[in-house]
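Residue-level structural notes
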Amino acid sequence: MKANYPLMKNIVVVLCATSMLCAVSTQANEYDQQAKQILDETGVRGGLILHIGCGDGKLTEQLAASERYVVHGLDTDAANVAAARKRLLHAGRYGAVTIDHWAGERMPYVDNFVNLIVAEVPARASMEELLRALTPNGVLL
């Protein structure tokens, strides 16, 4: 379901009533399908994707579906960050996909910079902060 958020700059907020992002999976193919579904449903065709609450980084990695995307994962758990970085380095994907530790408040971006925010832990960032980082016509999922 898509709904225009009434605040500013034509931002689209996509609310997922299904557990698309909450599904637990151990197979890369399932993460690939999830990432394709996210990109298809949001209509984002390139730019910076932010994955808040990226955990092990498996979905984060798959969101970098082509060279048109740069994906940044943020997680509040340092162990998740370390494990995700190690896995991405081993797979040769670190660069187009990066993972950083995040305190859970202000995001490390200038205003209007992120094309798509996939927020698995939206309570960690205020709606105002999420909207601040999004580009005009950016999408929050």
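Refer to the preceding data block for the structure.
Just so you know, these numbers come straight off a predicted model, no measurement behind them.

The number of helices and strands found in the protein chain is four helices and seven strands. Moving toward the C terminus, one meets the helices and strands of the protein chain in the order β-β-α-β-α-β-α-β-β-α-β. Here the protein chain holds 141 residues, and the buried ones make up 44% of them. Element-wise, carbon and sulfur atoms account for 54% of the exposed surface of the protein chain, whose accessible area totals about 7400 Å².

Time to look at the packing of aromatic side chains. All chains considered together, the criterion is met by one aromatic pair. The interplanar angle of 25 degrees and the centroid separation of 6.2 Å between the aromatic rings of Tyr109 and Phe113 together place this pair among those described as stacked. For Phe113, a relative accessible area of 44% puts it in the partly exposed group.

Right, let's talk about the pattern of salt bridges for a bit. In the structure shown here, the tally under the stated rule is eight salt bridges. Residues Asp100 and Arg85 are paired through a salt bridge, measuring 2.7 Å at the closest nitrogen-oxygen approach. Of this pair, Asp100 sits in strand β5 (residues 97–101) while Arg85 is found in helix α3 (residues 78–91), placing the two residues 15 residues apart along the sequence. By relative accessible area, Arg85 is classed as partly exposed at 30%. Here Asp111 makes a salt bridge to Arg132, at a shortest N to O gap of 2.9 Å. A residue pair is termed long-range when its members are at least 10 positions apart, and Asp111 in the loop between β5 and β6 (114–119) and Arg132 in helix α4 (residues 127–133) qualify at 21 residues.

A word on the pairing of strand β7 (residues 134–140). Burial within β7 is extensive, with five of its seven residues counted as buried. Across three bridges, β6 lies against β7 in parallel orientation. Its bridge partner lying in β7, Leu116 is registered against Val139.

A separate point is the side chain of His72. Tracing the backbone shows His72 in strand β4 (residues 69–75). Polar side-chain contacts of His72 include one of 2.6 Å to the side chain of Asp100. Looking at His72, its side chain comes within polar contact range of the side chain of Tyr109, at 2.4 Å. Setting aside its immediate chain neighbours within four residues, His72 contacts Leu48, Ile49, Leu50, His51, Thr60, Thr98, Ile99, Asp100, Pro108 and Tyr109.

Turning to the side chain of His51, a few remarks are in order. Examined against the element boundaries, His51 turns out to sit in strand β3 (residues 47–52). The buried category is assigned to His51, whose relative accessible area is 1%. Within the structure, the side chain of His51 is placed 2.6 Å from the side chain of Thr60, a separation counted as a polar contact. Residues in contact with His51, not counting those within four places in the same chain, are Leu59, Thr60, Leu63, His72, Gly73, Leu74, Val118 and Glu120.

The next subject is the environment of Gly57. Turning to its location among the elements, Gly57 is positioned in the loop between β3 and α2 (58–63). For the pair Gly57 and Arg85, spaced 28 residues apart in sequence, the C-alpha separation works out to 7.9 Å. Residues in contact with Gly57, not counting those within four places in the same chain, are Ala84, Arg87 and Ile99.

Reading the values: rules and limits
Going along each chain's sequence as written, the residues are numbered from 1 onward. Local features in this predicted model are restricted to residues whose pLDDT is 70 or higher, and side-chain atom pairs enter the listing and the counts only when it is 80 or higher, whereas totals over whole chains, interfaces and linings include all residues. No hydrogens and no water enter the side-chain calculation; it runs on all heavy atoms of the structure. Runs of E in the DSSP output that reach at least two residues are strands. Runs of H or I that reach at least four are helices, and both are numbered from the N terminus. Think of it in three bands: residues with accessible area under 20% of the maximum for their type are buried, residues over 50% are exposed, and the middle band is partly exposed, with areas taken using a 1.4 Å probe on protein chains only. Working definition of accessibility: Shrake-Rupley area with a 1.4 Å probe, residue cover restricted to the visible protein chains. Each pair of aromatic rings taken from Phe, Tyr and Trp, with Trp reduced to its six-membered ring, is defined by centres within 6.5 Å and is described as stacked if the planes are under 30 degrees apart, edge-to-face if over 60, and tilted in the remaining cases. Definition used for salt bridges: Asp or Glu carboxyl oxygen within 4 Å of a side-chain nitrogen of Lys or Arg. One requirement defines pairing of two strands: DSSP has to find at least two bridges between them. Here a polar contact is taken to be a pair of N or O atoms separated by no more than 3.5 Å, where protein atoms must pair a possible hydrogen donor with a possible acceptor and residues adjacent in sequence count only if both atoms sit in side chains. Contacts between residues were defined by any pair of non-hydrogen atoms, one from each residue, lying within 4.5 Å.

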